[in-house]
Amino acid sequence: MQTEDRLGPINVAQCRCNYSVAEQVLDPDIRALLFDAWHNGNNNVAKMEQLRPKPRVRRQLRTMAEAVQKHCS
């Protein structure tokens with residue numbers, strides 16, 4: 001996550017903040033797929049798209065992105 005972020009590298013404090021926000025905002029199934037992607041580099045987009053209900057996944061990822069922008073920038 002730290003060296004291969006699509007928006008550019010992030011520092012350790014930002015990485016920890018993103019992780020903390022994800023732990024607080026995401027349900028365990030979504031969080032597990034996201035953390036697997038961050039830690040192991042696995043592309044879990046297809047698996048996330050299969051989770052139900054779909055609006056829950058999108059809503060939580062949007063909420064996480066907003067919280068990261070607000071608290072981790």
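Residues numbered from 1 in each chain as written. Predicted model: local features only at pLDDT ≥ 70, side-chain atom pairs only at ≥ 80, totals over all residues. Heavy atoms only, no water.

1. Remarks on the overall build of the chain
Then, in step 1: Per the secondary structure count, the chain includes four helices and zero strands.
Then, in step 2: Ordering the α and β elements of the chain from the N terminus gives α-α-α-α.
Then, in step 3: Per-residue burial for the chain yields a buried fraction of 30% across its 73 residues.
Then, in step 4: For the chain, long-range pairs separated by at least 24 residues make up 45% of all intrachain contacts whose partners lie at least 6 apart in sequence.
Then, in step 5: For the chain, the accessible area works out to roughly 5,300 Å², and carbon and sulfur atoms hold 50% of it. (Helix = DSSP H or I, 4+ residues; strand = E, 2+ residues; numbered from the N terminus. Buried < 20%, exposed > 50% of the residue type's maximum accessible area, 1.4 Å probe, protein only. Contact = heavy atoms within 4.5 Å. Areas by Shrake-Rupley, 256 points an atom, 1.4 Å probe, with all protein chains shown as cover.)

2. Re the packing of aromatic side chains
Then, in step 1: Under the counting rule described, the total for this entry stands at two aromatic pairs.
Then, in step 2: Put simply, the rings of Tyr-19, Phe-35 and Trp-38 touch in pairs and so form one group of aromatic residues. (Phe/Tyr/Trp six-rings, centres within 6.5 Å; stacked < 30°, edge-to-face > 60°.)

3. Remarks on the nonpolar core
Then, in step 1: With 15 residues, the main nonpolar core has Val-21, Ala-22, Leu-26, Ile-30, Leu-34 and Met-64 as its most contacted residues.
Then, in step 2: Secondary-structure elements contributing two or more residues to this core are helix 1 (12–25), helix 2 (28–40) and helix 4 (54–72).
Then, in step 3: With five residues, the single largest contributor to this core is helix 4.
Then, in step 4: Leu-34 has contacts with Ala-22, Leu-26, Met-48 and Met-64, leaving out every residue within four places of it along the chain. (Core = buried A, V, L, I, M, F, W, Y, C linked by side-chain atoms within 4.5 Å.)

4. Here we look at unusual backbone geometry
Then, in step 1: In this model, Arg-52 is joined to Pro-53 through a cis peptide bond whose omega is -15°.
Then, in step 2: Residue placement: Pro-53 occurs in the loop between helix 3 (45–50) and helix 4.

5. Quick look at the state of the cysteines
Chemically, a disulfide is nothing more than a covalent bond linking the sulfur atoms of two cysteines.
Then, in step 1: For the coordinates displayed, the defined rule picks out one disulfide.
Then, in step 2: Residue Cys-17 pairs covalently with Cys-72 via a disulfide, S to S 1.9 Å. On the sign convention where negative means left-handed, the S-S torsion of about -75° between Cys-17 and Cys-72 marks this disulfide as left-handed. Of this pair, Cys-17 sits in helix 1 while Cys-72 sits in helix 4, placing them 55 residues apart in sequence.
Then, in step 3: Judged by relative accessible area, which is 7%, Cys-72 ranks as buried. (Disulfide = S-S within 2.5 Å.)

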